[in-house]
Amino acid sequence: MRPVWPTGSRDSGNGFGISSIPFMAFPASQYTSSSPPSTPTTPTTPTTHIIPSSHGLAFEVKAGTRFRVVDLYGSQVVDFAAWVQGTHLREYLSMAYTRYHLSGATPTIGEELWTNNDEPILRIVEDTVKVHDMTFMSCFPKMYEKAGVKGHRSCAGNIAEVMEPYGMESVLDVTDPFNIFQNTPNYTLKPLAPSKPGDYIEFEALKDIVCAASCCPYDLNGFNGGKVTDVAVVIGVPAGSSSTGVGIGS
Ligand SMILES: [Zn+2]
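Source: prediction; values computed, not measured.

Colleague: Residues and numbers for the overall build of the protein chain, please.
Modeller: What the protein chain contains, in helices and strands, is three helices and twelve strands. Residue burial in the protein chain is summarised as follows: out of 250 residues, 42% are buried. Sequence separation of 24 or more characterises 74% of the internal contacts of the protein chain that already satisfy a separation of 6 or more.

Colleague: How would you sum up the sheet that holds strand β11 (residues 209-215)? Please name residues and give values.
Modeller: Taking strand neighbours across the sheet as the criterion, the five strands line up as β3-β11-β5-β9-β8 in an open arrangement whose pairing is antiparallel. Of all the strands in the sheet, the pair left with one neighbour each is β3 (56-61) and β8 (132-133). Seen against the sheet, helix α3 (residues 155-163) touches β3, β5 (78-84) and β11 and runs at an angle of roughly 50 degrees to β3.

Colleague: Which residues make up the pairing of strand β12 (residues 231-235), and what values do they have?
Modeller: Most of β12 is tucked away: five of the five residues are buried. As paired elements, strand β2 (residues 47-51) and β12 share five bridges and run antiparallel to each other. When the bridges of β12 are listed, T47 appears paired with I235. Taken together, the five bridges between strand β4 (residues 66-71) and β12 define a ladder with antiparallel strand orientation. Its bridge partner being in β12, R68 is matched across the sheet by V234.

Colleague: Break down α3 for me, with residues and values.
Modeller: Count 3.6 residues to each turn of an α-helix, and residues three or four apart come out pointing the same way. For α3, the buried fraction is high: nine of the nine residues fall into the buried class. For α3, every residue scored as buried is listed here: C155, A156, G157, N158, I159, A160, E161, V162 and M163. Among the structural elements, β3, β5, α2 (141-146) and β11 are those in contact with the buried residues of α3.

Colleague: Explain the confidence of the model for the protein chain residue by residue, including any values.
Modeller: Here the protein chain shows a mean pLDDT of 83. Residues at 70 or above account for 78%. Counting interchain partners and residues more than four positions distant, the pLDDT-below-50 stretch residues 1-42 has 52 contacts.

Colleague: Describe the environment of N224, and please don't skip the residues or the numbers.
Modeller: Inspection of the secondary structure assignment puts N224 in the loop between β11 and β12. Sequence spacing of N224 and S75 is 149 residues, and the spatial spacing of their C-alpha atoms is 5.2 Å.

Colleague: Provide a residue-level description of the nonpolar core, including the pertinent values.
Modeller: V69, V78, A82, C211 and V233 are the most contacted members of the largest nonpolar core, which has 58 residues in total. If sequence neighbours within four positions are ignored, A82 has contacts with Y92, L93, I121, L122, I209, V210 and C211.

Colleague: Mind laying out the pairing of strand β7 (residues 120-127), listing which residues take part and the relevant values?
Modeller: Bridging between strand β6 (residues 112-114) and β7 involves three bridges; their strand directions are antiparallel. In the strand pairing of β7, L113 is matched with L122. One ladder, built from five bridges, connects β7 with strand β10 (residues 200-205); its direction is antiparallel. Residue pairing in the sheet places E126 in a bridge with E202 of β10.

Colleague: Please provide a residue-by-residue account of the environment of K142, values included.
Modeller: Mapped onto the secondary structure, K142 falls in helix α2. Overall, the presence of 12 C-beta atoms within 10 Å leaves K142 in the exposed class. With twelve residues separating them along the chain, K142 and S154 place their C-alpha atoms 9.3 Å apart.

Reading the values: rules and limits
- Residues numbered from 1 in each chain as written.
- Predicted model: local features only at pLDDT ≥ 70, side-chain atom pairs only at ≥ 80, totals over all residues.
- Helix = DSSP H or I, 4+ residues; strand = E, 2+ residues; numbered from the N terminus.
- Buried ≥ 20, exposed ≤ 12 C-beta atoms within 10 Å, placed from the backbone.
- Contact = placed C-beta atoms within 7 Å.
- Pairing = 2+ DSSP bridges.
- Axes fitted to C-alpha atoms, helices over the stretch in contact; angles between N-to-C directions.
- pLDDT = per-residue confidence, 0-100.
- Core = buried A, V, L, I, M, F, W, Y, C linked by C-beta atoms within 7 Å.

Below is the structure:
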C-alpha cells in the first residue's frame, strides 16, 4: 500500500529537488514517556525529508542526534556515506575500518561504524531489517554507460551532486558506501528485497557530521524491486520511539 503524504509545505530551497515535510507522527505523549532526559533540554521537532526516487540528499547532524533512513515502499536500497565536519571531507565513514572493527560486514544494533581516522562516527540504535551491505561500491555513471544506458542516474553521481556544496568535485571523490537494505552477503547477490514498506534503520551520530544518502537508481535485473521508489530521512528522532515518523505503520 502506498502511503498517503501529508499536504504540508514542500521545501525546494536546497537546490536538489528534495522535499521537506513537517514531521507528523511523533505525538507529544512520546516525549513524556518513561525516560525523561536527566537535564532539561529544548524539545526538538523531528524533520522528515523525502528523497525522490533515484536522487540524493545531503544533511547535517550534530553529535548525539538520532536519525532514520526509512524505506517507504519496500525493496529499495539506499547508499549512505558520511564525513566528519571540519575535515574538508578527509575524515569519512570507512567501510574498511568498520569491517575491521566488526570482524565482519554485518553490523547489528548497538555496534558502531568507524572513520578512516579510526574513530567511531555512528552507532546503529534501531534496525527493523538487519540486512545491509558494506562490501559493494555505489553504482556509478560508467557502469550504466557500459550497460548501454548512458546518462542514467547513479548513486555515485547522486552523492557527488548533493555533496558539491561541501567541496566534493567529482564522482571519483565518492567514498565506499554503507548500502542500507542491500542483501549481498559475502559479495553474493541474494533476493534483493529484504525491506518492506516502513522498514528503517536508525543511527545516532557520534560526531558532528555531514551525511549523504542516495535512493539507488539501479532499475535493471529486478534490483530495487524492479522499480525505484522514494525513501525518507527523519532527523531528530527521540530515543526509544517506535514510529517511522512518516505516516505509515511501523
Ligand atoms: Zn545505486
